[in-house]
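Given next are the chains, with one letter for each unit.
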Amino acid sequence: MILKQIVIENFRQYYGQNEIEFAHGSGKNVTVIHGENGSGKTALLTALIWGFYGRELKLPNPESIFNNKAIQESTNNRNDLSTSVQIRFEHNEYEYELCRVLYAKFDDEKNVLHIPKNKTINQKVELTKRNVGTNQSTKIKDISYEINRILPYKLHTFFFFDGERMDHLGKKEAYTEIRDSIKRMMGLELFDNSIEHLSKTIIKLRDDVSKNVKSELSEKYVRINHLENEKGKKKHLLSETKQELSAAQSELKSIENALRNGEETRTFQVTRDHLVESIAETKNAFDDKLKELRSLLSRSGHLAFSTLPLKRFQRIAHSDSRDTIEKLIHPELIPTLLSSGKCLCGHELETASISTLEKVQHEVLDLSSSKNEMDHLYFQLSGWEVARTHFYAEIRRLVGEREELRETLRGLEEELREIEERMKASSRNIENSTNLIEKESSVRTAIVKAEANIEDLLRSIEEISKEEEQLNKEVSKLTKAEERQIKLQLALDSATKVKNTLVGLLKLRESQVKSELEEKIKLTYSQLLRKDYPISLTDNYELLVSDVNGGSIGLSQGESQITSLAFIGAIVDLTREYKDKEKGHALDEELKLGNIFPLVMDSPFGALDADHRSRVATNLPKLSDQVVVIVSTSQWRGEVDEAINHRIGKSYKLLNHTNEESGEYTEIAEVM
């Protein structure tokens, strides 16, 4: 997508109509817009976002979308008022014209101008699409779908962003946004959508199959679908929890490093680290003892219930009386059954049942004379006494060792609390240290909670998987259907195989994209940052910056900004390369893996020193075919101007005017 033009009318600080033509291409591809603080730099960036998506403004007083001077004039003249943003842009051989308008109506009876809030229902939006080759125009009906197909809302922060807040890409809440955005930009979302559609198709086919088989199979399919939905939800929650845990662990490392480096907390923190490590080791040992205890109970727990049977058997074994053996079965039971000819349930005894009863009675009587067998059995059971004694001794040992570990753990935790209180007391007058200590405590609590949640989710997912596996085995045995059912089953199998193939291809493609993106980030990062920090990309697309020894480091605000810029620039550059590779190929637009994206930046140089400003300014135009920079004079002068001036295609200035009656307003003036 390439921006061509924006026309703003009565939007926030901008009074009347103000127009900007955007530069693009491989040569002079930079549009620079100069503006001092309060002149409307952020409002200009917001106008682009509001024009495309119509969302609530992320500015102070978001409901104040109309220009104050225009409101006063309309009120004085008793006229209606409108504010609008018109954007003209190109995308894949099409030129688009987008216009979003918000109206304010004047009430003649009440003599007041009704200013609507910034809500979608109050807006009027139109989008026209023109084929550049044929000059044929089409009015788009589903505008939101078309805009999000070209540049989804969830991607907009990558290309329309406040440079002073670019480091948000390193925060945990950005991981999901980054991963989904990269999938969309690199053509991976097509795989995701296909897999999602196939999953829905598979569920529908299962439902259709279940309608054509007996109720038992139908119930199992219903249960499998329910389990898959539950497992999907738990996996999604597990992924989010792991990301939260990773972010919390990274944050904890940063806090600990800061405490180690603080003069008033360094000694305490070293001692505290040792205590935390000892607590973790003690907890692991405590858990290991519990596992040993559970294993012992599972393996030998039956010995706890062996006392009564052993004593009774010993009495019987030491008696030579035939009557003692016979008391194992009531002496009158079998004769009574045989004489009555009826079972205990009241049914008549059949010939086979009578024969069995006579045989059992004979075996019971013979048992009393089987002295050798009794002696052998007694010898075997006598070993239970020794085993039971050892069993109880092992239980007492394990319980005792767990109690010792529990007391050790209590002592260590008490020492840890004492150290923390001393840290707080020693740094009570140092606000930063106090905040770090309190924040570390909350982060540790969050880590413990996240780890517990992960363990619960993994256990729950494993239980669901086991039940699914068992149900699938039962389903495979029960599936004997008619011709229609067989066809449906074949379709279900085919869809499942295709889904599994797509899942495999997606993993392969994701691995390739991640590898290419990581290399591109490293190259861009080395061009932008003065220090030679190693940088890598995790499976969650989290940027990790380390020192030469592989340890984590704390980045300054400027370094964090450059890290985020390198990440965004690498994505834009890589998608552009994909776009160039596809030239000349007759691919459907939805299948294209690359595209051109603009970079619109508000204050990208604010937190940077002179050297980094020069580096960023030099390399910024290389990252995209179109770069729009909104910047103050202080950020622009000197090394930035010198490095980027030869790439400027369009230049504008935000002129701030003050009127005693209507207040301040801004107009856009072209400089070159």
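Attention here is on the structure that accompanies the text. Worth saying up front: this structure is predicted, and the values here are computed from it rather than measured. (Residues numbered from 1 in each chain as written. Predicted model: local features only at pLDDT ≥ 70, side-chain atom pairs only at ≥ 80, totals over all residues. Heavy atoms only, no water.)

**Here's the deal with the overall build of the chain**
Next up, step 1: A count of helices and strands for the chain gives 19 helices and 15 strands.
Next up, step 2: Counting every position in the chain, which comprises 672 residues, the buried fraction comes to 42%.
Next up, step 3: Of all intrachain contacts in the chain linking residues separated by at least 6 positions in sequence, the fraction that spans at least 24 positions is 72%.
Next up, step 4: Looking at the chain as shown, the accessible area adds up to about 37000 Å², and 50% of this sits on carbon and sulfur atoms. (Helix = DSSP H or I, 4+ residues; strand = E, 2+ residues; numbered from the N terminus. Buried < 20%, exposed > 50% of the residue type's maximum accessible area, 1.4 Å probe, protein only. Contact = heavy atoms within 4.5 Å. Areas by Shrake-Rupley, 256 points an atom, 1.4 Å probe, with all protein chains shown as cover.)

**So, helix H3 (residues 143–150)**
Next up, step 1: Within the sequence span of H3, burial applies to Ile143, Glu146, Ile147, Arg149 and Ile150. On an axial view of H3, the arc spanned by its buried residues comes to 160 degrees, and they lie on one face. (Arc of directions from axis to C-beta.)

**Focus: the packing of aromatic side chains**
To describe a pair of aromatic rings, you give the distance between the ring centres and the angle between the ring planes.
Next up, step 1: For the structure on display, the rule yields eight aromatic pairs.
Next up, step 2: Taking 5.4 Å as the distance between ring centres and 55 degrees as the angle between the ring planes, the aromatic pair formed by Phe391 and Tyr392 counts as tilted.
Next up, step 3: The exposure class of Phe391 is buried, given its relative accessible area of 3%.
Next up, step 4: Exposure remark for Tyr392: the relative accessible area of 33% places this residue in the partly exposed category.
Next up, step 5: Directly above the ring of Tyr153 sits Arg55, whose terminal nitrogen or CZ lies 3.8 Å from the centroid.
Next up, step 6: Lying over the aromatic face of Tyr94, Lys129 brings its terminal NZ or CZ to 4.3 Å of the ring centre. (Phe/Tyr/Trp six-rings, centres within 6.5 Å; stacked < 30°, edge-to-face > 60°. Lys NZ or Arg CZ within 6 Å of the ring centre and 35° of its normal.)

**A look at the environment of Gly54**
Next up, step 1: Position of Gly54 among the secondary structure elements: in the loop between helix H1 (41–53) and helix H2 (68–77).
Next up, step 2: Once the C-alpha coordinates of Gly54 and Lys124 are considered, the two residues, 70 residues apart in sequence, prove to be 9.7 Å apart.

**Re the side chain of Arg647**
Next up, step 1: With respect to the element layout, Arg647 can be found in the loop between helix H19 (639–644) and strand S14 (648–659).
Next up, step 2: Within the buried set, Arg647 has no salt-bridge partner at all; the shortest N-O distance to an opposite charge, 7.4 Å, is to Asp625.
Next up, step 3: Looking at Arg647, its side chain comes within polar contact range of the main-chain oxygen of Gly27, at 2.7 Å.
Next up, step 4: Discounting residues that sit within four places of it in the chain, Arg647 has contacts with Ser26, Gly27, Lys28, Asn29, Val30, Pro621 and Lys622. (Lys, Arg positive; Asp, Glu negative; His and termini not counted. Salt bridge = Lys/Arg side-chain N within 4 Å of Asp/Glu carboxyl O. Polar contact = N/O pair within 3.5 Å; in protein donor to acceptor, adjacent residues only side chain to side chain.)

**Considering helix H6 (residues 189–210)**
Note: α-helices contain 3.6 residues per turn, so residues at a spacing of three or four share the same orientation.
Next up, step 1: Given a rise of 1.5 Å per residue, 22 residues ought to cover 32 Å, and the 31 Å separating the end C-alpha atoms of H6 matches this to within 8%.
Next up, step 2: Buried within H6 are the following residues: Phe191, Ile195, Leu198, Ser199, Ile202, Leu205, Arg206, Asp208, Val209 and Ser210. (Expected span 1.5 Å × (residues − 1).)

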